[in-house]
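Here is how the chains run, residue by residue.
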Amino acid sequence: SALLVGEPGSGKNAIVEAFVAESFSQKLKGNLYHQRIFKLYLDTLLAGAGNQGELEKRLDNIIEEISHSGQVIIYISDFENILGSSSFHIDLSGVLIPYLKNKTIRIIASATNGSYKKFIEPVSILFDVFEVIKLQDIDPDTVIRMLLDKASFIEKEMKVDISYKAIKACLDLASKYLVDRVMPGAGVILLQDTANEGRLANKKEVTEVDVLKRVEEKTKVKIGPPGKEERDLLLNLEKRMHESLIDQEEAVSSIAEGMRRIRTGLHVFVRPISFLFLGPTGVGKTQTAKSLARLYFNNEKN
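Because the structure is a prediction, the values reported are computed rather than measured. (Residues numbered from 1 in each chain as written. Predicted model: local features only at pLDDT ≥ 70, side-chain atom pairs only at ≥ 80, totals over all residues. Heavy atoms only, no water.)

### Thoughts on the packing of helix α7 (residues 140–158) against helix α9 (residues 185–200)
Then, in step 1: For the pair α7 and α9, the least separation of the axes is 10 Å and the interaxial angle reads 25°. Taken together, the axis directions place α7 and α9 in an arrangement best described as roughly parallel. For α7 against α9, the interelement crossing comes out right-handed. Two secondary-structure elements touch here, α7 through L147, K150, A151, I154 and M158 and α9 through G187, V188, L191, Q192, A195, N196 and R199. (Axes fitted to C-alpha atoms, helices over the stretch in contact; angles between N-to-C directions. Helix = DSSP H or I, 4+ residues; strand = E, 2+ residues; numbered from the N terminus. Parallel < 35°, antiparallel > 145°, perpendicular 65-115°, else oblique. Left-handed = near helix turned anticlockwise from the far one by under 90°. Contact = heavy atoms within 4.5 Å.)

Structure (structure tokens):
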């Protein structure tokens, strides 16, 4: 059995799908030849169960049936849910592990790095039954080839053309701004979203500008080149902030310089875009943050 470990977007599901295709098309030999791979939906398994004993019985019945077939591999994504994560609060590993130790069943499981550290590493017996495969970061040259390959499928599906600059923008922007996933998944999702927006708008071609707009919509952060209104605001940011702030000349000047640096592309993205306001209660830390949010991000709540 194998355990794939990687962040969302790193390709865990894609690897399983590729394995399924290779096995089903009889390209793999031995005990991987023409296998049937079933995905276990834990939420469905849990539905209507009264207690842990009933759940274990259900899982036991499933495994019994699978073990008799001899040609079935189970795929369990988010494997931490089997181990009692906060999503389900129930540990079913006691049912699975004996079957895995006896090699009665085979499992492909997946987990994020954080879940692996918290729920899987402490259970040392799992390392006796699983081959752990950690997915590494993919270099940009490989990611761009993957996005180009994916773009041809998206173009056919959405009936739009996608420019090379749009694909390059997905590579550059997804890794910086869509931080809930890693590459290449983040880039693929951004490419799909942008192409779908273009299809709905009856556009024939998706360009770099469309990708910029989509990222701005998702993040509520200005990404593209500043327009006239934004340029005027950036040039006069100190004056505008002082309309609602008294004193704090040095702090306001530092913030305005930082915002101009970010928007002119001089910012180094290895560090986060952050400000840390220090000072005793009442000097204007919250008011400074609200002033910047209102002026630059349209609303104090932003």
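### Re the pattern of salt bridges
A pair can form between side chains of opposite charge whenever their charged atoms are brought close.
Then, in step 1: On inspection of all chains with the given rule, the structure shows 13 salt bridges.
Then, in step 2: A salt bridge links E121 to K117, with the nearest nitrogen and oxygen atoms 3.7 Å apart.
Then, in step 3: We classify K117 as exposed; its relative accessible area is 56%.
Then, in step 4: Ionic contacts of the salt-bridge type, sharing partners, join the residues E238, E257 and R260 into one network. (Salt bridge = Lys/Arg side-chain N within 4 Å of Asp/Glu carboxyl O. Buried < 20%, exposed > 50% of the residue type's maximum accessible area, 1.4 Å probe, protein only.)

### Comments concerning the nonpolar core
Side chains that are nonpolar tend, in soluble globular proteins, to be buried together.
Then, in step 1: Core analysis: the largest hydrophobic core is formed by 33 residues, its most contacted members being L3, F79, I82, L96, I105, I107 and F130.
Then, in step 2: Among the secondary structure elements, those contributing two or more residues to this core are β1 (2–5), α2 (42–46), α3 (52–69), β3 (72–76), α4 (93–101), β4 (106–111), α5 (113–120) and α6 (126–129).
Then, in step 3: At five residues, the largest contribution of residues to this core is made by α4.
Then, in step 4: Excluding its chain neighbours within four sequence positions, the residues that come into contact with I107 are S1, A2, I74, I76, L96, L100 and F130. (Core = buried A, V, L, I, M, F, W, Y, C linked by side-chain atoms within 4.5 Å.)

### Things to note about unusual backbone geometry
Then, in step 1: Here the amide bond leading from M183 into P184 is cis, since omega sits at 10°, within 30 degrees of zero.
Then, in step 2: Along the polypeptide, P184 turns up in the loop between α8 (164–177) and α9.
Then, in step 3: If you check the backbone angles, K159 has positive phi at about 60° while not being a glycine.
Then, in step 4: Its location among the elements puts K159 in the loop between α7 and β6 (161–162).
Then, in step 5: Notably, N298 is not glycine yet its phi reads approximately 75°, a positive angle.
Then, in step 6: Take N298: it is sitting in the segment after α14 (285–296).
Then, in step 7: N298 sits in the exposed class, given a relative accessible area of 65%.

### So, the packing of aromatic side chains
Then, in step 1: All told, the structure shown has four aromatic pairs when counted by the stated rule.
Then, in step 2: Centroid distance Y116 to F127: 6.2 Å. Interplanar angle 90°. Geometry classified as edge-to-face. Of the two residues, Y116 is situated in helix α5 and F127 in helix α6; the sequence distance between them amounts to eleven residues. (Phe/Tyr/Trp six-rings, centres within 6.5 Å; stacked < 30°, edge-to-face > 60°.)

### Regarding the environment of S1
Then, in step 1: Position of S1 relative to the elements: it lies in the segment before β1.
Then, in step 2: Of the residues examined, S1 reaches a relative accessible area of 34% and is grouped as partly exposed.
Then, in step 3: Along the backbone, S1 and K101 are 100 residues apart, and their C-alpha atoms lie at a distance of 9.9 Å.
Then, in step 4: Separated by 2.8 Å, the side chain of S1 and the backbone nitrogen of I107 make a polar contact. (Polar contact = N/O pair within 3.5 Å; in protein donor to acceptor, adjacent residues only side chain to side chain.)

### Considerations on the side chain of D210
Then, in step 1: As for its position among the elements, D210 is in helix α10 (residues 208–219).
Then, in step 2: When its relative accessible area of 12% is taken as the criterion, D210 is described as buried.
Then, in step 3: The residues touching D210, leaving out its near neighbours within four places in the chain, are T194, K203 and E205.

### Overview of helix α11 (residues 228–235)
Then, in step 1: Within α11, burial applies to E230, L233 and L234. The arc that holds the buried residues of α11, viewed along the axis, is 100°, so those residues lie on one side. Counted as exposed and oriented over 90 degrees from the buried face of α11: K228 and L235.
Then, in step 2: Looking at the buried positions of α11, the neighbouring elements they touch are α12 (237–241), α13 (249–263) and α14. (Arc of directions from axis to C-beta.)

### Looking at the packing of α8 against α9
Then, in step 1: Contact geometry for α8 and α9: axes closest at 9 Å, N-to-C directions at 130°. Here α9 runs oblique to α8, going by the angle between their axes. For α8 against α9, the interelement crossing comes out right-handed. For the pair α8 and α9, the contacting residues are I167, C170 and A174 in the first and A186, G187, L190 and L191 in the second.
Then, in step 2: Residue composition of the contact of α8 with α9, grouped by class: six nonpolar, one polar and no charged. (Nonpolar A, V, L, I, M, F, W, Y, C, P; charged D, E, K, R; others polar.)

### Details of the sheet that holds strand β2 (residues 36–39)
Then, in step 1: Reading across the sheet, the five strands line up as β2-β3-β4-β1-β5 and stay open at both edges, with parallel pairing between neighbours. The sheet is open, and its two edges are formed by β2 and β5 (131–134), each paired on a single side. Taken pair by pair, the neighbouring strands of this sheet meet at an average axis angle of 20°, ignoring direction.
Then, in step 2: Summarising the sheet, β3 and β4 pair through four bridges and their orientation is parallel. Directly across from I73, in β4, lies its bridge partner R106. (Pairing = 2+ DSSP bridges.)

In short, the description is geometric, and any link to function would need to be established separately.
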